[in-house]
Amino acid sequence: MSIYNPPEGWLQAPKGPERLWIGLALIWCIVMSLAMPYWHFYGKQNASGESYRVSAVDYGTRVRQFVEANTVGEASGIPIVEIPPGGDGYLLARMWSFYPVIKMKMGQTYRLHISSMDLQHGFSLQPLNMNFQVLPGYDHVLTITPTSTGVFPIICNEFCGIGHHMMTGRIIVE
Amino acid sequence: MASAVESLPILGNHPTDQVRACDTTTLPVCLTAQKFIKLHAVAAVVFLLIGGIAALTLGLTRWPAVHLLDAQWYYRLLTLHGLNMLIFWILNFEIAVLYFASTVLLNTRLASKSAAWVGLVMMTVGAIMVDAAIFGGKSDVLMTSYVPLKASPWFYLGIILVAVGTLVGVINYFATIYIAKRDQTYKGSVPLVVFGATAAAIIAVVTLLHGAVVMIPTLLWSMGIIENIDPAWYRITWWGLGHMSQQVNVCAMVSIWYLLGTLTVGSKPLNQAVCRGAFVLYILFINVASAHHLLVDPGTGSVWKIWNTSYAMYLAVLASMIHGFTVPASIEVAMRKKGFNRGLFGWLANAPWSNPGFSGFFLSLVIFGFGGGITGVTLGTQQINIMAHNTLRIPGHFHVTVVGGTTLAFMAITYYIVPLIFQKDFYAKALCRIQPYLFGGGITLMALGMSFAGSYGVPRRHWDIEFTGGLFATGFDAGAHVMLGIMGVGAVIAFLGLLLYCLLVVAAVFFGRPVEGKPMEAWNEEPRGQIDAEEVDEHKTPGTLVIVFVFLTAFAVYYFANWMWLSDLWEVR
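Worth saying up front: this structure is predicted, and the values here are computed from it rather than measured. (Residues numbered from 1 in each chain as written. Chains lettered and ligands numbered in written order. Predicted model: local features only at pLDDT ≥ 70, side-chain atom pairs only at ≥ 80, totals over all residues. Heavy atoms only, no water.)

### Here's the deal with the overall build of chain A
The secondary structure content of chain A amounts to two helices and 12 strands. Relative to its length of 174 residues, chain A is extended, with a C-alpha radius of gyration of 24 Å against a globular reference of 16 Å. Counting only C-alpha atoms, chain A reaches 80 × 35 × 30 Å along its principal axes. Counting over 174 residues, chain A shows a buried share of 57%. Counting contacts in chain A only where the partners sit at least 6 residues apart, residues at least 24 apart contribute 58% of the total. Here chain A has roughly 6,900 Å² of accessible surface; of this, 60% comes from carbon and sulfur atoms. Charge separation in chain A, taken as the distance between the mean sites of 11 positive and 12 negative side-chain charges, equals 5 Å. (Helix = DSSP H or I, 4+ residues; strand = E, 2+ residues; numbered from the N terminus. Rg over C-alpha atoms; globule rule 2.2 N^0.38 Å. Buried < 20%, exposed > 50% of the residue type's maximum accessible area, 1.4 Å probe, protein only. Contact = heavy atoms within 4.5 Å. Areas by Shrake-Rupley, 256 points an atom, 1.4 Å probe, with all protein chains shown as cover. Lys, Arg positive; Asp, Glu negative; His and termini not counted. Charge placed at Lys NZ, Arg CZ, Asp CG, Glu CD.)

### Here's the deal with the sheet that holds strand E6 (residues 101–104) of chain A
Residue and element names in this part refer to chain A. Strand order across the open sheet formed by seven strands is E2-E3-E6-E12-E11-E8-E9, with mixed pairing between neighbours. Looking along the sheet, the strands with just one partner apiece sit at the ends: strand E2 (71–75) and strand E9 (130–134). Ignoring strand direction, the axes of neighbouring strands in this sheet form an average angle of 25°. Across three bridges, strand E3 (residues 78–82) lies against E6 in parallel orientation. Residue pairing across strands places Glu82 opposite Lys103, the latter belonging to E6. Lying on the sheet, helix H2 (residues 56–70) is in contact with E2, E3 and E6; it crosses E3 at an angle near 75°. (Pairing = 2+ DSSP bridges. Axes fitted to C-alpha atoms, helices over the stretch in contact; angles between N-to-C directions.)

### Some points on the pattern of salt bridges
Residue and element names in this part refer to chain A. Under the defined criterion, the tally for this structure stands at 16 salt bridges over all chains. Of the charged contacts in the structure, one is a salt bridge between Arg111 and Glu50, with a shortest N-O distance of 3.1 Å. Remark: Glu50 occurs in the loop between helix H1 (16–42) and strand E1 (51–53) and Arg111 occurs in strand E7 (residues 110–116); sequence separation between them is 61 residues. Judged by relative accessible area, which is 25%, Arg111 ranks as partly exposed. Accessibility expressed as a relative area gives 23% for Glu50, which makes it partly exposed. (Salt bridge = Lys/Arg side-chain N within 4 Å of Asp/Glu carboxyl O.)

### Focus: the interface of chain A and chain B
Often, the extent of an interface is quoted as the loss of accessible area on bringing the components together. Listed by partner, the interface residues are 82 residues for chain A and 109 residues for chain B. Taking both sides of the interface into account, the surface hidden between chain A and chain B amounts to around 8,700 Å²; carbon and sulfur atoms contribute 67%. The tally of links between chain A and chain B comes to three salt bridges. We note a salt bridge from A:Arg53 to B:Asp230, for which the minimum N-O separation is 2.9 Å. Our enumeration of links across chain A and chain B arrives at 42 residue pairs in polar contact (both at pLDDT 80 or more). Elements represented by at least two residues in the side of chain A that touches chain B include exactly H1, E1, E6, E9, strand E10 (138–145), strand E11 (150–155) and strand E12 (168–173) of chain A. Broken down by element, the side of chain A that touches chain B gets its largest block of residues, 17 residues, from H1(A). (Buried area = accessible area lost by both parts, 1.4 Å probe. Polar contact = N/O pair within 3.5 Å; in protein donor to acceptor, adjacent residues only side chain to side chain.)

### Quick look at the pairing of E3(A)
Residue and element names in this part refer to chain A. Summarising burial for E3: five of the five residues are buried, a large majority. Of the strand pairs in this sheet, E2 and E3 are connected by four bridges, and their pairing is antiparallel. When the bridges of E3 are listed, Ala75 appears paired with Ile78. Linking two consecutive strands that pair antiparallel, namely E2 and E3, is a turn of two residues; a positive phi of about 50° is found at Ser76 within it.

### Looking at the packing of aromatic side chains
Any pair of aromatic rings gets described here by the distance separating the centres and the angle formed by the planes. What the rule picks out here adds up to 39 aromatic pairs over all chains. For the ring pair B:Trp89 and B:Phe410, a centre distance of 6.0 Å and an interplane angle of 65° mean the geometry is edge-to-face. Taken together, the residues span a long stretch of sequence, with B:Trp89 in helix H3 (residues 71–106) and B:Phe410 in helix H13 (residues 393–422) at a distance of 321 residues. Like B:Trp89, the residue B:Phe410 is buried in the burial classification. Relative to B:Phe555, the ring of B:Phe551 has its centre 5.7 Å away and its plane inclined at 65°; by these criteria the two rings are edge-to-face. Of the two residues, B:Phe551 and B:Phe555 both sit in helix H16 (residues 542–567), four residues apart, roughly one turn of that helix. Each member of the pair, B:Phe551 together with B:Phe555, is buried. Ring-pair connections join several aromatic residues into one group, and the members of that group are A:Trp28, A:Trp39, B:Phe370, B:Phe551, B:Phe555, B:Tyr559, B:Phe560 and B:Trp563. (Phe/Tyr/Trp six-rings, centres within 6.5 Å; stacked < 30°, edge-to-face > 60°.)

### Things to note about the environment of B:Asp297
As for its position among the elements, B:Asp297 is in the loop between helix H9 (272–285) and helix H10 (302–337). Here the alpha-carbon distance between B:Asp297 and B:Ala232, two residues 65 residues apart in the chain, equals 8.2 Å. When neighbours within four sequence positions are excluded, B:Asp297 is seen to be in contact with A:Gly49, A:Gln133, A:His140, B:Arg235 and B:Lys305.

### A look at the packing of H13(B) against helix H15 (residues 478–511) of chain B
For any two helices packed against each other, the geometry is given by the interaxial angle and the distance between the axes. All names here are of chain B. At a minimum axis distance of 11 Å, the contact between H13 and H15 shows a crossing angle of 5°. With respect to their mutual orientation, H13 and H15 come out roughly parallel. For the pair H13 and H15, the contacting residues are Phe410, Met411, Thr414, Tyr415, Val418 and Phe422 in the first and Leu498, Tyr501, Leu504, Val505, Ala508 and Val509 in the second. Looking at side-chain class alone, the contact of H13 with H15 contains 11 nonpolar, one polar and no charged residues. (Parallel < 35°, antiparallel > 145°, perpendicular 65-115°, else oblique. Nonpolar A, V, L, I, M, F, W, Y, C, P; charged D, E, K, R; others polar.)

### Notes on the nonpolar core
A:Phe123, A:Ile171, B:Phe155, B:Met321, B:Tyr501 and B:Trp570 are the most contacted members of the largest nonpolar core, which has 243 residues in total. Ranked by residue count, the leading element in this core is H3(B), at 23 residues. Dropping the residues within four chain positions of it, B:Phe155 is found in contact with B:Thr79, B:Leu83, B:Val130, B:Ala133, B:Ile134, B:Ser139, B:Val141, B:Leu142 and B:Ser145. (Core = buried A, V, L, I, M, F, W, Y, C linked by side-chain atoms within 4.5 Å.)

### Describing the state of the cysteines
Residues and elements named next belong to chain B. Tallying each qualifying case throughout the model produces zero disulfides over all chains. The cysteine Cys22 is free of any disulfide, with Cys30 supplying the nearest cysteine sulfur at 14 Å. You can call Cys22 buried: its relative accessible area is 7%. No disulfide involves Cys432; its sulfur sits 13 Å from that of Cys502, the nearest cysteine. (Disulfide = S-S within 2.5 Å.)

Next comes the structure, spelled out in structure tokens:
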């Protein structure tokens, strides 16, 4: 009984089905443990968390320079900015918008930087449902290769105040 | 039961007139401990009701067809809901469980009455302070209060008071175990339930220390004394509090599973060493599982993420999978011994399903294992987390662990606490019998809706998925709206189950017929089976084996399906 002191000699190895199950469960846990390093080396989707400390002022400057050099259009009053293939793009999150609209080409690889000017935000790319955390003071770099074309909404999925639900952005892939 | 009771020394270390023998189990009940078990249990139910009313309004807001609250009240009541449920309800109930496990099962008095008062008062004052700060309107920061979101200093001070008050209760628990050992009130090793409760208490100490490390500087920051708190540091330390406290809940819940198995069908653990070993795994390997809240964060690298997710987490997962076998297996053996020895599942079909202590416990086990366990491990896989982080899949997961699992187990044990500790009889026993089904069914439906809506990308903690007022028109597939409707219906059903629980408990505790001096009226007649004369082999549990194989198959299918979906995403590293 689990509410009374166990009889003496309770320290025994498991037997029968219990032993079988512990063995199977352990093997399953090992499989799951190995799956992650396997995917890290051979899989194409990883969140390596590459990041650098950055002040809001410095990051704002980089975003401005990036926008000035690469703007190709405008949508909803926000510049559409094309990242040069293989180059660095800068996305800025703040209450309550993503700036600018990013344009990329399918199959090209880009270094997409994301940081916040104020609170914590969430970078959630729809409808793919790819999600990354955005922190103030950290330049989070995603080395990203779009494998489909279209207009992809970005939504914020970390609570950032009363206007959180209005915080949207765009990535355009051709 | 009688033979086991005789092996206990009758007097323990109780002062005269400070002890009574339980009229049902004959176990000794320390009257001081009994008083604090009652006070913490009543406080717990009050906070459960506050959090539950908030939950209903949240469910009705996220159900797009209803969309009840405005944005400000949605986030305000979401803050209220998280703290009252996850912290105030659960911690108060856990302190009650700790006081019960140490004093009653070890036949000892409570170590310190004044410390118990200090703990209770701090927890209560702190909780009221937090709730007042939330309704004061300057603390809409949600439960996690991620910096640099700033709440009023009273909010952080209240949380610190609750944490320290809980710590006082936990230390009182250790002191009680110490004096029981010193006064030799029990022989040999402690009972399994006490062992599990101790595991919970040890993890609680580590958890609450993390809470102090993160909350004290944050309080000073909100008062303007400290200039800056690093958001990445805050997240990793806060989750040392936030995630580990869930492991306290798991330990407490599993201990209650074993307790209810014994109380409802007289089960005993197949192998004490295995069950205890699994609790030790929780203590050793859960302490870095806070990592899986940071899997798509900047600031920590792949090696850190993978190591902390797999090494630590999967040995704790192993522990849960072990309990997931030993708990139903012990029920199977107990029921077969009662004569339900036919077929694979005769023992399960004839279990006392009309006993809310049993149905609540077994539903908790199934919902936690099949719902919470499988989703938790999968979503906590480093790369798969890309498709889950901050979507509704996350609350879809933890509402079947901490609500369908822990809260339902706490509800189930209440059907024994009220008659045995409060010594009051329930009214409307037919309603008591359906309450676990109502609550468990509702919460399962709600979590399914959440999980599937989250798979469409619907974010958690989000007032309006039409993104009204946003710069770019954005929305979700119609399927996501259907799932949110299912979530809303589930939330309403679960709320009815919660309300019924609160009403039944309040009616029994404050207006119930006293049942002092006579044994508790059993919830069900003693099950008597076909009385097969053959001896039951204590290690033969074919029915449970089938259940766990089905579980492992479901686990593997869900796990590998998620890897497959992940491989369809854009390439990223």
